[in-house]
Amino acid sequence: MKGVFKLKQHETTIRKEVIAGLTSFFSIVYILAVNAKILEDAGIPLEAGIIATVLSSFIGCLLVAFIANVPLIIVPGMGINALFTFTIVGSLGLDYREALGAVVLSGILFVIVAFTNLRNIITSAIPDSLKESISVGIGLFIAFIGLQKSGIVAGSPTNFVSLGELSSPVVLASIINLIIALFLFLKKVPGNFLITIILGTIVSYFFGLVPMNGMDTSFISFDSYKDVFLSSHFGKWSFLPFWSAVFSLVLVLVFENIGLVHSQVNGMLQAPEKNEKSLKAISISTIVCGLLGTSPAVSTVETAAGITTGGRTGLTSVVTGSLLLVSLFFMPFIKLVPDAAITPILIIIGGLMMKNVVNIDFTDFTEAFPAFLVIIMIPLTYSIVDGIAFGFIAYPLVKVFSNKSKQITVSSVIISLLFFTNFLLHAIS
């Protein structure tokens, strides 16, 4: 291990890397239950979703460890799993197999971007205000999903949405669990989201939301996973919604990962020479995710937990990935986790993603208004693709109307026209 990961060169030890890997594991293990629950809404069986999440996380961590030798955590990302389930499957009309096909294809395109200079061309072509607004809009969307699943926000025939029934057991349990989650998070308790899920499940049990009767305590069953593994389907490659899905996935994958890798590898690790290799490893893991049956993986913000504990090399990622693989033995308990224990995490993560709003220049209306459209339309249309489309279409228009057409890039115009064509075809079909 010392030779493979060059521990001496990185001024670290096996002990430090193992401790960092353990820390990273406890900070991210909650994703197994959360991601599987979101995939379940797309039609992927819960057990199959857990297995797919575990396997893709394990392989993703190994890829980034041996290709880039950095302590990143690579797991299916929050936000992009909502894009997969609620937009690609829910709004665009693809089933989960076709959506997985879109993930594989977006992974191939992401690989092309990561292995060429396209990554620099794309990032420089898209205005910063729109990049930041996508994260904020997805954050609001995730929080809205959490509020909806908890019953705190409910559908209304007159107002579309309204306050839910506060006396409902689901709502009461969700509110209590949200208070617990906030306390643990603000107190910076290690593994706060994992503890939230455990305590939240116990609280939900007392509200009658965790049926213990007939609990399956048998070892891992791969029966349901057989239908998900390598099930990606490309039958709708000639349909516009399929390419809308692919384009949106690539857009989010490129911006989110470039931003996260830059802050973690360049900023926290101060190893800019590993930036490109990290992005290449993550792009390959996207293809793996589509083949294994889950939404794409990203470098998560929880990576910071391992780095601050002393993680400096890929050995940290190997430890984290291996522990996630071992988590399969806890499958019976993961399957017991109710929505009321998951929703507080969705709400808090949504709140965390709002911080990007400070990076938007609201003093310039030509930057602020398109960003505002992205932020507000993603949750209101219940579609990340449609929300992004409104902002990208509006951007060149407001620039032209304000005599600032020189600030428009050819790439942004092409993207705007693609989104506009998508809307037009939907309108006439």
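What counts, and at which threshold
- In this convention, every chain numbers its residues from 1, walking through the sequence in written order.
- Residue-level local features of this predicted model are given only where pLDDT is at least 70; pairs of side-chain atoms are given and counted only at 80 or more, and the full residue set underlies all totals for whole chains, interfaces and linings.
- Note that the side-chain values use all heavy atoms of the structure and ignore hydrogens as well as water.
- Centres within 6.5 Å make a pair out of two Phe, Tyr or Trp rings, where for Trp the six-membered ring is used; the pair is then stacked when the planes are under 30 degrees apart, edge-to-face when over 60, and tilted otherwise.
- Only one rule defines a salt bridge in this text: a Lys or Arg side-chain nitrogen within 4 Å of an Asp or Glu carboxyl oxygen.
- Going along the chain from the N terminus, every DSSP run of H or I of four or more residues is numbered as a helix, and every run of E of two or more is numbered as a strand.
- Classification of residues uses two cut-offs on accessible area relative to the type maximum, computed with a 1.4 Å probe and protein chains only: under 20% is buried, over 50% is exposed, and between them is partly exposed.
- Residue contacts are defined here by distance: any two heavy atoms, one from each residue, within 4.5 Å place the two residues in contact.
- When DSSP finds two or more bridges between two strands, those strands count as paired.
- A fitted line through C-alpha atoms serves as each axis, taken over the contacting stretch for helices, and the angle formed by two N-to-C directions is quoted from 0 to 180°.
- Note that the term roughly parallel is reserved for angles under 35 degrees, roughly antiparallel for angles over 145, roughly perpendicular for angles of 65 to 115, and oblique for everything else.
- In this classification, Asp, Glu, Lys and Arg are treated as charged, Ala, Val, Leu, Ile, Met, Phe, Trp, Tyr, Cys and Pro as nonpolar, and every other residue, Gly included, as polar.
- Residue types Ala, Val, Leu, Ile, Met, Phe, Trp, Tyr and Cys, when buried and joined through side-chain atoms within 4.5 Å, form a set referred to as a nonpolar core.

**Comments concerning the packing of aromatic side chains**
Throughout the structure, instances matching the rule amount to 17 aromatic pairs. Relative to Phe-206, the ring of Tyr-205 has its centre 5.5 Å away and its plane inclined at 70°; by these criteria the two rings are edge-to-face.

**Here we look at the pattern of salt bridges**
Taken as a whole, this structure holds eight salt bridges when the rule is applied. Linking Lys-335 and Glu-47 is a salt bridge whose minimum nitrogen-to-oxygen distance equals 3.1 Å. Pair noted here: Lys-335 is in the loop between α14 (331–334) and α15 (339–353) and Glu-47 is in helix α3 (residues 46–68), with a separation of 288 residues, a long-range link. What makes Lys-335 partly exposed here is its relative accessible area of 27%. You can call Glu-47 buried: its relative accessible area is 14%.

**Here we look at the environment of Asn-422**
Along the polypeptide, Asn-422 turns up in helix α18 (residues 410–428). The exposure class of Asn-422 is buried, given its relative accessible area of 4%. For the pair Asn-422 and Leu-240, spaced 182 residues apart in sequence, the C-alpha to C-alpha distance is 7.2 Å. Other than its neighbours up to four places away in sequence, Asn-422 contacts Leu-240 and Ser-244.

**Things to note about the pairing of strand β3 (residues 160–163)**
In the case of a regular strand, side chains alternate between the two sheet surfaces. Pairing of strand β2 (residues 153–156) with β3, which is carried by four bridges, proceeds in the antiparallel orientation. Paired with Ser-156 across the bridge in β3 is Phe-160. Taking the residues between adjacent antiparallel strands as the criterion, β2 and β3 are bridged by three residues.

**Brief notes about unusual backbone geometry**
The phi dihedral of Glu-11 is positive, around 55°, even though this residue is not glycine. Here Glu-11 shows up in the segment before α1 (14–28). Given the relative accessible area of 70%, Glu-11 is considered exposed. Look at Phe-160: it is not a glycine, yet its phi comes out positive at around 70°. If you trace the backbone, Phe-160 turns up in strand β3. The exposed category is assigned to Phe-160, whose relative accessible area is 71%.

**Details of the packing of helix α2 (residues 31–40) against α15**
Their axes nearest at 10 Å, the elements α2 and α15 cross at an angle of 100°. On the basis of their axis angle, the class for α2 and α15 is roughly perpendicular. Facing Ala-33, Val-34, Lys-37 and Ile-38 of α2, the residues of α15 in contact are Asp-339, Ile-342, Ile-345 and Leu-346. Considered class by class, the residues forming the contact of α2 with α15 number six nonpolar, no polar and two charged.

**Re the nonpolar core**
Counting 106 residues, the largest nonpolar core has Tyr-30, Val-34, Ile-134, Ile-388 and Phe-392 as the members making the most contacts within it. Among the elements that line this core, the one with the most residues is helix α10 (residues 240–268), at twelve residues. Tyr-30 has contacts with Phe-193, Leu-194, Ile-197, Glu-302, Ile-345 and Ile-349, leaving out every residue within four places of it along the chain.

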